[in-house]
Every structure is written in structure tokens, then in C-alpha cells.
Amino acid sequence: MTIYQTSKSKLLETVTSVLAMDIKQKKLFCDTPYPAPYKSHCVPRLLVLISGEQTARFSKDGKITHATISGPLLHFCARDSLLHKYINGTPYRALSFSYYPGYIRAMEINCDGITAPPTADDIFFHSTEPLCKEGFQLIELISRLYNCNQIEAAEDLLVPLLRLTIDTLSKSEQSPAKKVGVIWGTLCMALRNHCHEQCNRSDLAAWLRITPGYVSILCKKHSGKSFSELKLSFQFEHAEKLLLSSNLNIEEIALSCGFSSSNYFIRQFKSTYGVTPGEYRKNNNTAV
């Protein structure tokens, strides 16, 4: 088992020193390739490459590309965007903040360019509180500005986001949640966000770095459902929202929720709800 540090004081010391650096180089990763890759990170992230180089795989204009990025660099990756870093033989030092609904996962990575993190030189910290409401509003605004091609205005919000992150971490203690709880929460979030895609147990297992069998164990233990049943429940959850808040027809909703055909969707929906999707929409009568 990998041993790493959980020192909040050391982490905050590094973050404070990063603020003092007044990093000028900034970059946004907010493009989502089509079709959207399953192995995205699922949550927004604020990252700091303090020094060194990293090879990054990311999406730009709907296509997957690679590039070498150099520090110091302050960068942001939107929830549904693709950004993966690879060890390329060059040492680097970096910070990463992942904004989950219930907590922040903060990391300080000191990579020698050879050994994959985490190592004993790295710091992993899970807060007991999520990022504040104002922080999530900044994250939403960054993405909106990016989509409006207001890149510089979006980049100007990265330092305020870092300051709000520091404020949350400074008031929090290390989360007592066991690793299995974090894995289960991440699994559910990933499956909910990607239930409309052709993802399976093996896809999730590879992304979470666990076995497909363990995915099944977690699903049964925490939900009482098999993996397929849990995925189907998230598909129906998405379908309900579309039925009640959109003008999409049944076939369009079926495809949007990952069903191979509208007939199959209708059969599965009626088996679960006792009525067809059309009847469900009519009975609730709230479609726009």
C-alpha cells in the first residue's frame, strides 16, 4: 500500500507560496471532445504546475491532442473536459484541487519523472467540507466565459478560485471517510454523469483503478443493485428529467439516455414505473 502524507499545514504552506509567485502563465481546458470520452475526470479541477514539465492529453476543438506544458502554470479543467497528465521522464512539482460535491481532494505531487505518484513525498488531503457556494459560482462563470470566447476574463478568475479553495481547506480537517467511501461516491458520480454512454464495469474499473469484480461488490453493498441495475436507475433518472422539462420526443429521449432503441426504452420504463414514458409525461403534465 502506498504511503503518503496528509499534512494540511504543509499543503497550505505550499499553496501560500504559490500565491506569492504571482504566476502569469494560465491555461483553460474546457473543451469536450465528441463523442465525450468516458475517462474524463468527472469533476472540475484547478491545477498548478509549480515547476518542471508534464505531457498532457486533452481536447481542443473537439479533437484529442498532446502537448508538453511547462511551469510555472496555473490551469483549470472543466468537469466534462478531458485532461490527463503523463510522466515523461522530467521531474515536476504540482498541486491539484478536485472539487467533488461533498469535499475537496487536494494533492501536492513531487514527481521524480520516473515513479508514478502517490509516493511518500506527496500530500493527499480530503476536506470535510465542499468548496463554498461562491467557489462553485466562479467555476460556472469560468466555463461560461470560456464558451463565450472571453478567455482572459475567465483566466482572471483562477487566482480568486485558488484563494477560496485555500479558505475552505484552512477551515477543514482531514476527512475521516475511508477510502472505500470515496471510491463509492466517485463511482456513483461518474456513472450518473456518463450513464448515457456505452460504459461498462471494465471502463469504470480501469478509471477507478480497481477490478470489475470490486465494482460489482460496491454496487451490491451500497445500493443493493447490480452494476447494470444501478446504471439503469441513473438512465431513468435522466429520462425523468427530460420527460418533465423538455420538448424532446420519446425517441430523442431514449437516445439521449443511452438506450439502443425507443421500443426497448419504453419496455424497460413501463416495467419499472408501470406506465409508458408518454403516459408518465402526460400524468405529470409539466413538460415545457
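As shown above, the structure is provided for reference.
Bear in mind that the values here come from a model prediction, so they are computed numbers and not experimental data.

**Quick word on the packing of aromatic side chains**
Moving on, step 1. Taken as a whole and judged by the stated rule, the model has 11 aromatic pairs.
Moving on, step 2. Seen in terms of ring centroids, Phe236 and Phe259 are 6.0 Å apart; in terms of plane orientation they differ by 25°. Their pairing is stacked. You can see Phe236 sitting in helix α8 (residues 227-245) and its partner Phe259 sitting in the loop between α9 (250-256) and α10 (262-273), a full 23 residues away along the chain.
Moving on, step 3. On the accessibility criterion, Phe259 (4% relative accessible area) is buried.

**Quick notes on the pairing of strand β7 (residues 104-111)**
Moving on, step 1. Counting buried residues in β7 gives seven out of eight residues, a clear majority hidden from the surface.
Moving on, step 2. Where strand β6 (residues 92-99) and β7 come together, eight bridges link them in antiparallel fashion. By the bridge assignment, Ala94 is partnered in β7 with Ile109.
Moving on, step 3. With antiparallel pairing between neighbouring strands as the criterion, β6 and β7 make up a hairpin whose turn holds four residues.
Moving on, step 4. When β7 meets strand β8 (residues 123-126), the two strands line up antiparallel, connected through four bridges. Each residue of the ladder has a partner; that of Met107, found in β8, is Phe124.

**A look at the nonpolar core**
Moving on, step 1. Ranked by internal contacts, the top residues of the largest apolar core, which has 33 residues, are Phe76, Phe97 and Leu161.
Moving on, step 2. Residues within four places of Leu161 in sequence aside, it is in contact with Leu46, Phe76, Tyr99, Leu131, Gly135, Leu138, Ile139 and Ile142.
Moving on, step 3. Tyr100, Tyr103, Ala205 and Leu230 belong to the second-largest nonpolar core, a separate cluster that totals 24 residues.

**Things to note about helix α1 (residues 8-21)**
Moving on, step 1. Along its 14 residues, α1 runs 20 Å from first to last C-alpha, staying within 8% of the 20 Å computed at 1.5 Å per residue.
Moving on, step 2. Of all the positions in α1, only Lys8, Leu11, Leu12, Thr14, Val15 and Val18 are classed as buried. Projected down its long axis, α1 shows its buried positions confined to an angular sector of 160°, all on one face. Turned more than 90 degrees away from the buried face of α1 sit Ser9, Glu13 and Ala20, all of them exposed.
Moving on, step 3. Each element contacted by the buried residues of α1 is listed here: β2 (45-60), β6, β7, β8 and α4 (158-171).

**Digging into the packing of α8 against α10**
Moving on, step 1. Viewed as axis vectors pointing N to C, α8 and α10 meet at an angle of 95°, and their least axial separation amounts to 12 Å. As the angle between them shows, α8 and α10 are arranged roughly perpendicular. The residues of α10 that touch α8, namely those facing Leu232, Phe236, Ala239, Glu240 and Leu243, are Phe265, Gln268, Phe269, Thr272 and Tyr273.

**A word on the side chain of Thr55**
Moving on, step 1. Its place among the elements puts Thr55 in strand β2.
Moving on, step 2. Apart from residues lying up to four places away in sequence, Thr55 is in contact with Ala67, Thr68, His84, Lys85, Tyr86 and Asn88.

**What about the pattern of salt bridges?**
Moving on, step 1. Within this structure, the stated rule accounts for five salt bridges.
Moving on, step 2. Its salt-bridge partner being Glu140, residue Arg144 comes within 3.1 Å of it at the nearest N-O pair. Of this pair, Arg144 and Glu140 both sit in helix α2 (residues 133-147), four residues apart, which is roughly one turn of that helix.
Moving on, step 3. The class of Arg144 is exposed, set by a relative accessible area of 52%.
Moving on, step 4. Judged by its relative accessible area of 41%, Glu140 is partly exposed.
Moving on, step 5. Between Glu237 and Arg192 there is a salt bridge, with its nearest N and O atoms 2.8 Å apart. Placement of the pair is Glu237 in helix α8 and Arg192 in helix α5 (residues 179-194), with a sequence separation of 45 residues.

**Re the state of the cysteines**
Covalently bonding the sulfur atom of one cysteine to the sulfur atom of another cysteine gives a disulfide.
Moving on, step 1. Under the criterion given, the structure shown has zero disulfides.
Moving on, step 2. The structure places no disulfide on Cys148, whose sulfur is separated from the nearest cysteine sulfur, that of Cys30, by 12 Å.
Moving on, step 3. Look at Cys148 and you get exposed, because its relative accessible area is 56%.
Moving on, step 4. The thiol of Cys188 is unpaired, and the distance to the nearest cysteine sulfur, on Cys219, comes to 7.1 Å.

**Looking at helix α7 (residues 212-223)**
The α-helix advances 3.6 residues per turn, and as a result positions three or four apart in sequence lie on the same side.
Moving on, step 1. With 12 residues, α7 extends 16 Å from end C-alpha to end C-alpha; this agrees with the ideal 16 Å at 1.5 Å per step.
Moving on, step 2. What α7 keeps buried is the set Val215, Leu218 and Cys219. Down the axis of α7, the buried set is contained in an arc of 100°. They therefore lie on one face. In α7, those exposed residues whose orientation departs by more than 90 degrees from the buried face are Lys220 and Lys221.
Moving on, step 3. Positive backbone phi, approximately 75°, marks Gly224, located one or two places after α7.

Rules behind the numbers
Residues numbered from 1 in each chain as written. Predicted model: local features only at pLDDT ≥ 70, side-chain atom pairs only at ≥ 80, totals over all residues. Heavy atoms only, no water. Phe/Tyr/Trp six-rings, centres within 6.5 Å; stacked < 30°, edge-to-face > 60°. Helix = DSSP H or I, 4+ residues; strand = E, 2+ residues; numbered from the N terminus. Buried < 20%, exposed > 50% of the residue type's maximum accessible area, 1.4 Å probe, protein only. Pairing = 2+ DSSP bridges. Core = buried A, V, L, I, M, F, W, Y, C linked by side-chain atoms within 4.5 Å. Contact = heavy atoms within 4.5 Å. Expected span 1.5 Å × (residues − 1). Arc of directions from axis to C-beta. Axes fitted to C-alpha atoms, helices over the stretch in contact; angles between N-to-C directions. Parallel < 35°, antiparallel > 145°, perpendicular 65-115°, else oblique. Salt bridge = Lys/Arg side-chain N within 4 Å of Asp/Glu carboxyl O. Disulfide = S-S within 2.5 Å.

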